[in-house]
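Letter by letter, the chains look like this.
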Amino acid sequence: MHDLGSVDLDASQEQFLFTIAQPYIQTGEWPTWDYVHAVHQRRGQDADVLLESLPYSGNPGVGSLFYGFTTRAGRLQPDEKIGLTIAATLPLGELHSIIAEPFLRVLHHMIDLQGSIPLEPGKVTQARLHSRDLTTAVRGLRDDFVARLPDLLDCEPATRAVGAAGASRRGQEWSRGITRTVLAFQKATDLRTYVSTTCKLVLKWEQENLAYLGIGSAFSSTPGIPAPAEEPVPDAYIGRGLLDELEEAHGNSRWKVDKLLDLLTELNSNYAARNPYSCLALIRAVMDHVPSVFGQKGFAGIVSSVKMGPTDTKYLKGLASYRSPGDDVMHRQASNIATRIDMTDVPPAPYVKALLNQVLIALKNDTP
């Protein structure tokens with residue numbers, strides 16, 4: 001785990017964060033990734049490498065918990081916007097007065113609201129934060145800060161809106177529910193304590209998430225970094241029976257499985273040959289290939305939208321958490337930093353088999 005409240009960034013990392021911050025300081029809008037990439041390209045720098053170099057707490061994979069200096073991680077599309085979290089105001093003094101200081105004041109107002117709400121037996125009680133009351137309750141807040149506050153709150157793990165009662169907006173006014181999590185920040189009266197407390201919460205939640213999924217043994221105490229483990233026995237990663245079932249099911253479906261079967265056959269060969277880079281790349285290719293069978297645009301849509309049993313859901317969430325090693329294999333550019341990928345970074349076969357079982361069900365249900 002990285003405690004972002006105590007890490008030191010180098011000059012290039014701080015400059016990278018300022019590239020993201022400057023448009024917000026000037027216009028109140030976060031920049032697109034294309035803008036950030038182009039600015040650093042003109043400086044002879046690689047924005048992807050700079051983004052990847054930033055420390056974070058948690059795991060940026062799909063279905064996992066993540067907190068870093070930026071709101072996004074991994075490979076971004078040019079039109080995607082990237083912003084900064086409250087953690088980034090630590091190294092960027094320019095953001096203290098316009099983001100960090102008013103955010104902390106609002107946070108403690110939220111703590112007061114949640115701590116004073118009457119408790120009623122038999123009911124779920126939740127305090128709410130209303131924009132119309134903020135400028136009176138917290139003196140000195142700028143109107144533009146209040147207008148943009150929901151976006152800032154949603155980038156912080158402990159203050160983002162949750163559930164149907166989470167947030168609502170009518171015109172310029174907005175309101176949002178306050179969770180009891182804010183009470184963990186009662187002693188966070190300064191920025192560094194707030195950031196460190198957030199990192200500790202993210203670590204706790206990610207460990208609970210992994211324990212729930214039953215995959216805690218696949219990770220070390222540092223979220224997102226696989227722990228050393230015994231290497232799996234070189235055998236067929238995907239059994240012949242499942243491959244035959246996929247080929248048979250395709251006969252009565254409009255979907256073709258020739259590419260999928262080729263990917264899985266190559267995966268088995270590379271798994272037996274102990275080629276971790278090829279295995280991870282091929283698994284990512286499978287994950288990117290099958291979403292259309294479910295009417296989804298990406299793998300995250302399968303996890304969130306396809307009805308399946310709780311065990312298969314856990315397996316697919318576990319598979320999503322291995323997206324970072326796949327990104328490392330496919331997108332990390334040459335640098336002076338060693339990449340230590342080995343076979344322990346390949347996801348357990350049951351995770352991929354669970355995905356293929358769902359594909360098999362979809363193929364069988366898809367008759368012309």
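Residue positions within a chain follow its written sequence, with the count starting from 1. Per-residue local features are limited, in this predicted model, to residues with pLDDT of at least 70; the limit for side-chain atom pairs, both in listing and counting, is 80 or more; totals at the level of whole chains, interfaces and linings are taken over all residues. To get the side-chain values, all heavy atoms of the structure are used, and hydrogens and water are removed first.

1. Considering the pairing of strand β5 (residues 173-178)
Classification of residues uses two cut-offs on accessible area relative to the type maximum, computed with a 1.4 Å probe and protein chains only: under 20% is buried, over 50% is exposed, and between them is partly exposed. Each helix is a run of H or I in the DSSP string that is no shorter than four residues. Each strand is a run of E no shorter than two, and both are numbered from the N terminus. By the criterion of burial, β5 is predominantly enclosed, with five of the six residues buried. Looking at chain direction, strand β3 (residues 127-130) and β5 are connected through four bridges and run antiparallel. Bridging across to β5, Leu-129 finds its partner in Arg-176. Only strands that DSSP links by at least two bridges are regarded as paired with each other.

2. Observations concerning empty space enclosed by the protein
Every definition here rests on a 1 Å grid over the protein atoms only: cavities are sets of points where a 1.4 Å probe fits but cannot get out, pockets are open sets enclosed by protein on both sides within 12 Å along at least five of seven lines, and lining residues have some atom within 4 Å of a point. Grid points are joined across faces, edges and corners, and a volume is the space filled by probe spheres set on the points. Scanning all chains against the criterion turns up two cavities of 30 Å³ or more. Estimated volume of the largest cavity: approximately 40 Å³. The wall of the largest cavity is formed by Leu-280, Ile-283, Arg-284, Met-287, Leu-319, Tyr-322, Arg-323, Gly-326 and Pro-347. Elements with a minimum of two residues in the lining of the largest cavity: α10 (276-289) and α13 (323-331). It is α10 that provides the largest number of residues to the lining of the largest cavity, a total of four residues. In this classification, the charged set is Asp, Glu, Lys and Arg, the nonpolar set is Ala, Val, Leu, Ile, Met, Phe, Trp, Tyr, Cys and Pro, and all remaining amino acids, among them Gly, are polar. Each residue belonging to the lining of the largest cavity can be placed in one class, and the counts come to six nonpolar, one polar and two charged.

3. Comments concerning the nonpolar core
Of all hydrophobic cores here, the largest spans 56 residues; its most connected members are Phe-16, Leu-17, Tyr-67, Leu-84, Leu-134, Tyr-194 and Val-195. For this core, the secondary structure elements donating two or more residues are α1 (11-27), α2 (33-42), α3 (47-53), α4 (96-116), β3, α6 (143-154), β5 and α7 (191-213). It is α4 that contributes the most residues to this core, eight residues altogether. In contact with Leu-134, not counting residues within four places along its chain, are Val-106, His-109, Leu-129, Leu-141, Val-146, Leu-149 and Trp-174. To form a nonpolar core, buried Ala, Val, Leu, Ile, Met, Phe, Trp, Tyr and Cys residues must be joined to one another through side-chain atoms within 4.5 Å. The next biggest cluster of nonpolar side chains, apart from the first, holds 45 residues, and it includes Ala-249, Leu-267, Val-306 and Leu-363. Working rule for contacts: check all heavy atoms of both residues, and any pair within 4.5 Å makes them a contact.

4. Here's the deal with the packing of aromatic side chains
Centres within 6.5 Å are what make two rings of Phe, Tyr or Trp a pair, Trp counting through its six-membered ring; a difference in plane orientation under 30 degrees is then read as stacked, over 60 as edge-to-face, and the rest as tilted. Across all of its chains, the model carries eight aromatic pairs by this definition. An aromatic cluster of at least three residues, connected via ring pairs, comprises Phe-103, Phe-185 and Tyr-194. Just above the ring of Tyr-271 sits the side chain of Arg-274; from NZ or CZ to the centre is 5.9 Å. Whether a charge sits over a ring depends on NZ of Lys or CZ of Arg being within 6 Å of the ring centre and within 35 degrees of the ring normal.

5. Quick word on α13
Here α13 has its buried residues at Pro-325, Gly-326, Asp-327, Asp-328 and Val-329. Packing partners of the buried residues in α13 comprise α10.

6. Some remarks on the side chain of Thr-89
Within the fold, Thr-89 resides in the loop between β2 (66-68) and α4. Given the relative accessible area of 0%, Thr-89 is considered buried. Pairs of N or O atoms within 3.5 Å make up the polar contacts considered here, provided that, within protein, one atom can donate a hydrogen while the other can accept it, and that residues adjacent in sequence are counted only when both atoms are side-chain atoms. For Thr-89, the side chain forms a polar contact with the main-chain oxygen of Ile-86, separated by 2.6 Å. Every residue in contact with Thr-89, bar those within four places of it in the chain, is listed here: Leu-95, His-96, Ile-99, Ala-100 and Leu-191.

7. Topic: the pattern of salt bridges
Side chains that differ in sign of charge can pair as their charged atoms come close. Salt bridge, as applied in this entry: a Lys or Arg side-chain nitrogen positioned within 4 Å of an Asp or Glu carboxyl oxygen. Tallied over the full model, the rule gives nine salt bridges. Between Arg-176 and Asp-154 there is a salt bridge, with its nearest N and O atoms 2.6 Å apart. With Arg-176 in strand β5 and Asp-154 in helix α6, this residue pair connects regions lying 22 residues apart in the sequence. With a relative accessible area of 2%, Arg-176 lands in the buried category. A cluster of three or more residues bridged by salt bridges with shared partners is formed by Arg-142, Asp-144 and Arg-148.

8. Comments concerning unusual backbone geometry
Although it is not a glycine, Arg-274 sits at a positive phi angle of roughly 65°. Note that Arg-274 resides in the loop between α9 (258-272) and α10.

9. Considerations on the confidence of the model for the protein
Caution applies to low-pLDDT parts of the model: their predicted coordinates are not meant to be read in detail. Here the protein averages 84 in pLDDT, while 86% of its residues score no lower than 70. Confidence of the predictor in every single residue is expressed as pLDDT, which spans 0 to 100. For the protein, per-element mean pLDDT is lowest for strand β4 (residues 167-170), which scores 65, and highest for α2, which scores 96.

10. A few points about helix α14 (residues 349-365)
By this rule, a helix spans an expected 1.5 Å times one less than how many residues it contains. Taking 1.5 Å as the rise per residue, α14 with 17 residues should run 24 Å; its terminal C-alpha atoms sit 24 Å apart, in good agreement. All of the buried residues in α14 are Ala-349, Tyr-351, Val-352, Ala-354, Leu-355, Leu-356, Gln-358, Val-359, Leu-360, Ala-362 and Leu-363. Buried positions along α14 lie against α8 (240-250), α9, α10, α11 (299-305) and α12 (310-320).

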